[in-house]
Structure formats: C-alpha cells, structure tokens
Amino acid sequence: MFDRIAPRYDLLNRVLSFGRDASWRRRTVAVAGLGAGERALDVGAGTGDLARALAKAGPSGRVVALDLAPEMLARARTRADVALSFVIGSAEALPFPDALFSCVVAGFAVRNFGDLPRALGDMRRVLRPGGRAVVLELSLPPSRPIRALHFFYLRRVAPAIATVLGSSAEAYRYLPASIEAFLDPEHLAAALREAGFQRVRYERLTFGVATIHIGET
Ligand SMILES: C[S@@+](CC[C@H](N)C(=O)[O-])C[C@H]1O[C@@H](n2cnc3c(N)ncnc32)[C@H](O)[C@@H]1O
C-alpha cells in the first residue's frame, strides 16, 4: 500500500494535516535532542521527512532511514538534501547490532507495524544505555465533540481529497480505520514500558490528533 501511495504521499500529508505535520516533526526532532556525534535511526522512515529534519538538527551523516517499502525510500533518496543512509528492512528485525544508536524515532509508523511488541523490543535493543525512543503517531482527540468532527473529516473528507489529488481513496480509508484500531496514548505508553523503556511519557499535539511518546533506555 505504501509503495502505491508514495508519489502523492508528501503532498497529502501537507494538505490533510493543514501543514501541521511539519510542526509535529519539528517537535519530535526537538524532543529527540540529537547531540554531536550521536547516531539516530528513523524506523518506518517513508519518504524521509523526519530523518531529514533530524539530520539537519544534528551532525549530518549519522542518521539512518529504514523502511519496508522500496518506493517510499526511493523518494526519500531523491529528496535527500542532507547526508542520510538508507536501509530497506523491517522494524521487527532491525539489521543493526545492539546499542548502536543514541536515538530511535518513528513518525506515523508504529500504527502500521505487523508485530508492535517485537518492533518496540527491537527499537530498545539497538539503543545504547541512556538512549531514547521518540514515537510520533496519529491519535484520537480526548474531547468527544472534537473527536467526532475529526472522524467525520478522516472518514468522509480525507478519502475524497486523496482521490482529487490523484492518490488512493482506499489507502485513505485505511487511515481512520488504523487510527481507531490502534492503541490509545495510555496503552501505547504501557506497550513501551513492557518493551523495557523507562521514564515513558507522552504529549498530545493539536487537540490530541497526534501524540509524541518518549521512552528512555
Ligand atoms: C505513514 S508512513 C510514515 C512515513 C514517515 N515516517 C513520515 O513521517 O511521513 C509509514 C511508513 O512505515 C513503513 N512501515 C510499515 N510497517 C513497517 C515495518 N514493519 N517495518 C518498517 N517499515 C514499516 C511503511 O512502509 C511506510 O513508509
């Protein structure tokens, strides 16, 4: 599915989130706080927006972008205006030695993983002691009226916009279904703790339509 939507993926991110996705990524990068000489991994990097932002904020050449979908990574390669490494691979079996990275980020990706506990466990494995995982994910607003409006937008408006902009309505029907089926922020925090992360916390963004989780090793 992600290979299929790759050509219009960035445009739809900008349009459907009214440009908010860029500020959510900026906040994720700020929370990640990549220091000089530190290595970072972006899991489910897609077209590379988060990996690029991370590389620009920290020392260049030290960010690895990993994704299962070759077409998404191919777009990331063509858009890379900063040194990044690209790896086609699975979040559930990261092809890296233990404790290689200081920081692992995932942007709008963990909701799609086939085996979330295994992927979170592997994210923890590749982090050095004192490292941090920063997970940016779509979520449901806690306020019921805002959540109802948000669902209307995601279920009815987003697939129509996707069609008009030349993407797949089906993929953008998957979007609300996947958000609804996914863990709420409290349960995602519990999953991070179960994977062995410490000092797990989260912050809601834009009425709670997105959430950043942080876990330390
Ligand atoms: C919604 S996109 C997010 C892309 C990017 N992180 C961003 O911020 O725009 C989700 C990405 O996760 C990738 N993905 C899904 N399951 C994966 C897995 N098990 N391992 C690695 N990547 C995966 C998809 O191929 C897709 O590129």
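Residues numbered from 1 in each chain as written. Predicted model: local features only at pLDDT ≥ 70, side-chain atom pairs only at ≥ 80, totals over all residues. Heavy atoms only, no water.

Caption draft 1: Layout of empty space enclosed by the protein. One pass over the full model with this rule turns up one cavity of 30 Å³ or more. There is about 50 Å³ of room inside the largest cavity. What lines the largest cavity is Glu137, Leu138, Ser139, Phe182, Leu183, Asp184, Pro185, Leu188, Thr211 and His213. Looking at the lining of the largest cavity, the elements with two or more residues in it are strand E5 (127-138), helix H8 (185-194) and strand E7 (210-216). Its residues placed into classes, the lining of the largest cavity shows five nonpolar, three polar and two charged. (1 Å grid on protein atoms, 1.4 Å probe; cavity = no way out; pocket = protein on both sides within 12 Å on 5 of 7 lines; lining within 4 Å. Points joined across faces, edges and corners; volume = space filled by probe spheres on them. Helix = DSSP H or I, 4+ residues; strand = E, 2+ residues; numbered from the N terminus. Nonpolar A, V, L, I, M, F, W, Y, C, P; charged D, E, K, R; others polar.)

Caption draft 2: Up close: the environment of Leu116. As for its placement among the helices and strands, Leu116 is situated in helix H5 (residues 116-125). In this structure Leu116 touches Val110, Phe182, Leu183 and Leu188, once residues within four positions along its chain are discounted. (Contact = heavy atoms within 4.5 Å.)

Caption draft 3: Representation of the nonpolar core in the model. Grouped together as the largest cluster of nonpolar side chains are 43 residues, with contacts concentrated most on Trp24, Leu54, Val63, Leu84, Val105, Leu136 and Tyr172. Looking at this core element by element, the count peaks at five residues for helix H1 (residues 2-16). Counting 29 residues, the second largest nonpolar core, distinct from the first, contains Leu66, Leu94, Val110 and Val135. (Core = buried A, V, L, I, M, F, W, Y, C linked by side-chain atoms within 4.5 Å. Buried < 20%, exposed > 50% of the residue type's maximum accessible area, 1.4 Å probe, protein only.)

From the geometry alone we can't say anything about function, so treat these as descriptive.
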